[in-house]
Amino acid sequence: MPLKNINNFQKSNEYRKKIHDLIPGGAHTYSKGDDQFPQLSPAAITHGKGSHVWDLDGNEYIECLGGLGSISLGHAYEPVVKRVIEELWKGNNFSRPSVIEMEMAERFLSLLPGHDMIKFAKNGSTVTTAAVKLARAYTGRKYVARPAEHPFYSYDDWFIGSTEVKSGIPEEIYKLTLTFKADDPDSLQQLFNNYPNQIACVISEPEKYNPVTPELFKQLIDIAHRNGALWITDEMITGYRSYFPGSFVKFGITPDLATWGKGIANGFSFCALTGKKEIMELGGIRQKGKEKLFLISTTHGGETCSIAAALATLEEFQKHNVIGHNHHLGKLYMQGAQILIEKHQLTHYIKILQFPWHVSLAYFDLNNQPSWGLRTLFHQEMIKRGVLFQGIFCPHFSHTEEDVEYILNAFDESCVIFRKGLEDGWEKYLIGEPIQPVFRKYI
Ligand SMILES: Cc1ncc(COP(=O)(O)O)c(C=O)c1O
């Protein structure tokens, strides 16, 4: 299929002009914001089907990071939509729990050896924050440890205060979040030595930038346990991606608590906190006389249509080898991209990071420094050719081998402009401003 040449963003530009007067940031996650995309890009999406999306000007794209990784099966994926509609006709929210809550709880927990209880929520941040609260209550300690290199666990104060974006958060709160070097047992042990008997938990993604072995995973958890802290595994990205249901089951090692979201309901707002009974039960109402812990309590937590989406998604993963399909496409893309990078002699300037289920790129200039200008230029060229690209390919069940072939053809041509930008300066080829980091102190 010939590559597209998209250059009409007229309606997108009108949208961009207006939206910031209505919505601070112009979007409901900063990762979707205008400062994360080149100027020559769609400002908003009208609809999607399978692996494709359409913008306000009618331009069609293959989307590489389906809904920031929340799409695991595909846009408007029929079995999910059908199940959601069936559920909607029965009503969407009641004054007592809906029976579908028990069904979902049993089905999801049956996938997780060693985890006995579950709480639902609408956002990943809600469940990671709840996990931290639970760990603090369980241990009676106040500090939280997280890997310094990992970018995001929650928009709540305990986490976001530990990034550059501290505005509005009292120092007393963010001082309680400590960092260690990811996947480094010595660095974690050192943190426990520096704060003896004060760290409630470690929260970490099970696999981020480096391949993690079960031995290393166990070693890190053992350090936390020896020091009286809980281990929280955040499976937001790895869940239904690295493995079904997630990395900790793949490793065969059970963390105390785990948090889930993104792909587990194919884009619907369904997230979960799971864990061992003795800890989770603190959020219950059965232990008479014990101090009450307000764990997760939200009006929309039991919204039936999202739970129906989660059930349908789970069933699709059980029916089909979705993980096999996704990993196959991820590997095809990784191998193809590596060949193209070598062909254009860009091995020092475009680097492919792990994993087949979440392949990201890093871009460097002639001085080997990360370059936001070159990054934006590359994305501009991919988008122009009909690939909605943010540097990450997160394959889902509706992506096809043809999609990967198309993405790689666009990649090939984009490398030509990237090289020119590398040699002559990206300013010559980029229209508009470079992308900026989401986690930055100043706008
Ligand atoms: C690892 C991780 N944890 C937690 C979150 C927060 O999830 P949400 O955006 O649903 O609040 C994210 C979101 O990107 C994430 O990547």
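How each quantity is defined
Residues numbered from 1 in each chain as written. Predicted model: local features only at pLDDT ≥ 70, side-chain atom pairs only at ≥ 80, totals over all residues. Heavy atoms only, no water. Core = buried A, V, L, I, M, F, W, Y, C linked by side-chain atoms within 4.5 Å. Buried < 20%, exposed > 50% of the residue type's maximum accessible area, 1.4 Å probe, protein only. Helix = DSSP H or I, 4+ residues; strand = E, 2+ residues; numbered from the N terminus. Domains from an automatic or database assignment. Contact = heavy atoms within 4.5 Å. Axes fitted to C-alpha atoms, helices over the stretch in contact; angles between N-to-C directions. Left-handed = near helix turned anticlockwise from the far one by under 90°. Nonpolar A, V, L, I, M, F, W, Y, C, P; charged D, E, K, R; others polar. Pairing = 2+ DSSP bridges. Parallel < 35°, antiparallel > 145°, perpendicular 65-115°, else oblique. Expected span 1.5 Å × (residues − 1). Buried area = accessible area lost by both parts, 1.4 Å probe. Salt bridge = Lys/Arg side-chain N within 4 Å of Asp/Glu carboxyl O. Polar contact = N/O pair within 3.5 Å; in protein donor to acceptor, adjacent residues only side chain to side chain. Phe/Tyr/Trp six-rings, centres within 6.5 Å; stacked < 30°, edge-to-face > 60°. Lys NZ or Arg CZ within 6 Å of the ring centre and 35° of its normal. Near = heavy atom within 4 Å. Areas by Shrake-Rupley, 256 points an atom, 1.4 Å probe, with all protein chains shown as cover.

Bringing the nonpolar core into the picture now. In this structure, M104, F108 and F270 are the most contacted members of the largest nonpolar core, which totals 54 residues. If you tally residues by element for this core, the top one is helix α12 (residues 304-319), at nine residues. Residue contributions to this core reach at least three from each of two domains, namely domain 1 (10-76 + 321-428) and domain 2 (93-302). What M104 contacts, discounting residues up to four positions off in sequence, is F120, F270, I307, A310, L311 and L314.

Let's shift gears to the packing of helix α3 (residues 78-88) against α12. Remark: α3 packs on α12, axes separated minimally by 8 Å, with the N-to-C direction vectors making an angle of 145 degrees. Note on packing geometry: the crossing formed by α3 with α12 is right-handed. Contact residues: P79, V80, R83, V84, E87 and L88 in α3; T304, C305, A308, A309, L311, A312, T313, E315 and E316 in α12. Looking at the contact of α3 with α12 residue by residue, the class counts come to nine nonpolar, two polar and four charged.

Let us look at the sheet that holds strand β11 (residues 350-353). Across a sheet, paired strands are connected by hydrogen bonds in the backbone, their directions being either parallel or antiparallel. Here we have three strands laid out as an open sheet, ordered β11-β12-β14, and antiparallel in their pairing. A strand with exactly one partner marks an edge of an open sheet, and here the two such strands are β11 and β14 (392-393). Pairing analysis gives two bridges linking strand β12 (residues 359-363) to β14, with the strands arranged antiparallel. When the bridges of β14 are listed, V359 appears paired with F393. The sheet contacts of helix α14 (residues 372-384) involve β11 and β12, and relative to β12 the element is tilted by about 130 degrees.

Before going further, it helps to spend a moment on the packing of helix α4 (residues 99-109) against α12. One can describe the packing of α4 onto α12 by two numbers: an axis separation of 10 Å at closest approach and a directional angle of 30 degrees. Of the possible angle classes, the one that applies to α4 and α12 is roughly parallel. Classified by chirality, the crossing of α12 by α4 is left-handed. On α12, the residues that touch I100, E101, E103, M104, R107 and F108 of α4 are T304, I307, A308, A310, L311, L314, E315 and Q318. Each residue belonging to the contact of α4 with α12 can be placed in one class, and the counts come to eight nonpolar, two polar and four charged.

Compared with the 22 Å implied by 1.5 Å per residue over 16 residues, the 23 Å span of helix α5 (residues 124-139) between its first and last C-alpha is a close match. Here α5 has its buried residues at G124, S125, V127, T128, A130, A131, V132, L134 and A135. One or two positions beyond α5, positive phi appears at G140, with a value near 70 degrees.

Now for the sheet that holds strand β13 (residues 387-388). Here four strands make up an open sheet; going across it, the order is β1-β2-β3-β13 and the pairing mixed. Pairing within the sheet leaves two strands with one partner each, and these edge strands are β1 (45-49) and β13. With two bridges joining them, strand β3 (residues 60-63) and β13 adopt parallel strand pairing. Along β13, the bridge assignment pairs E63 with L388.

Time to look at the domain arrangement of the protein chain. Parsing the protein chain into structural domains produces domain 1 (10-76 + 321-428) and domain 2 (93-302). Here the C-alpha centroids of domain 1 and domain 2 sit 30 Å apart. Contacts between domain 1 and domain 2 engage 17 residues on the former and 16 residues on the latter. Here domain 1 packs against domain 2, burying approximately 1300 Å² in sum over the two surfaces, 56% of which is carbon and sulfur. If you look at where domain 1 meets domain 2, you find zero salt bridges. If you look at where domain 1 meets domain 2, you find 10 residue pairs in polar contact (both at pLDDT 80 or more). Of all elements in the fold, only α2 (66-69) and α13 (322-343) reach the threshold of two or more residues within the side of domain 1 that touches domain 2. Ranked by the residues each element gives to the side of domain 1 that touches domain 2, the list is headed by α13, at three residues. Its residues assigned to classes, the side of domain 1 that touches domain 2 shows eight nonpolar, nine polar and no charged.

Scanning the model with the defined rule gives 20 aromatic pairs in all. Residues F355 and W357 carry aromatic rings whose centres are separated by 4.7 Å and whose planes lie at 5 degrees to one another, so their mutual orientation is stacked. Assigned by exposure class, F355 and W357 land together as buried. Ring pairs connect the aromatic residues Y333, Y363, F378, F389, F393, F411 and F418, which therefore count as one cluster. K166 extends its terminal NZ or CZ atom over the ring of Y174, reaching a point 4.7 Å from the ring centre.

Further remarks concern the environment of Y138. Within the secondary structure layout, Y138 lies in helix α5. Classification of Y138 by relative accessible area gives partly exposed; the value is 34%. With 141 residues separating them in the primary sequence, Y138 and I279 have C-alpha atoms 6.5 Å apart. If we ignore the near neighbours within four places in the chain, the residues touching Y138 are L230, E278, I279 and L282.

Attention shifts here to the site of the ligand. Surveying the vicinity of the ligand reveals the residues N123, G124, S125, F152, Y153, E205, D234, M236, I237 and K262. At 2.6 Å, a side-chain N or O of D234 approaches a nitrogen atom of the ligand. Calculation on the ligand without its partners gives an accessible area of 390 Å², and the protein chains cover 80% of this total. Across the shell around the ligand, the residue classes tally to four nonpolar, three polar and three charged.

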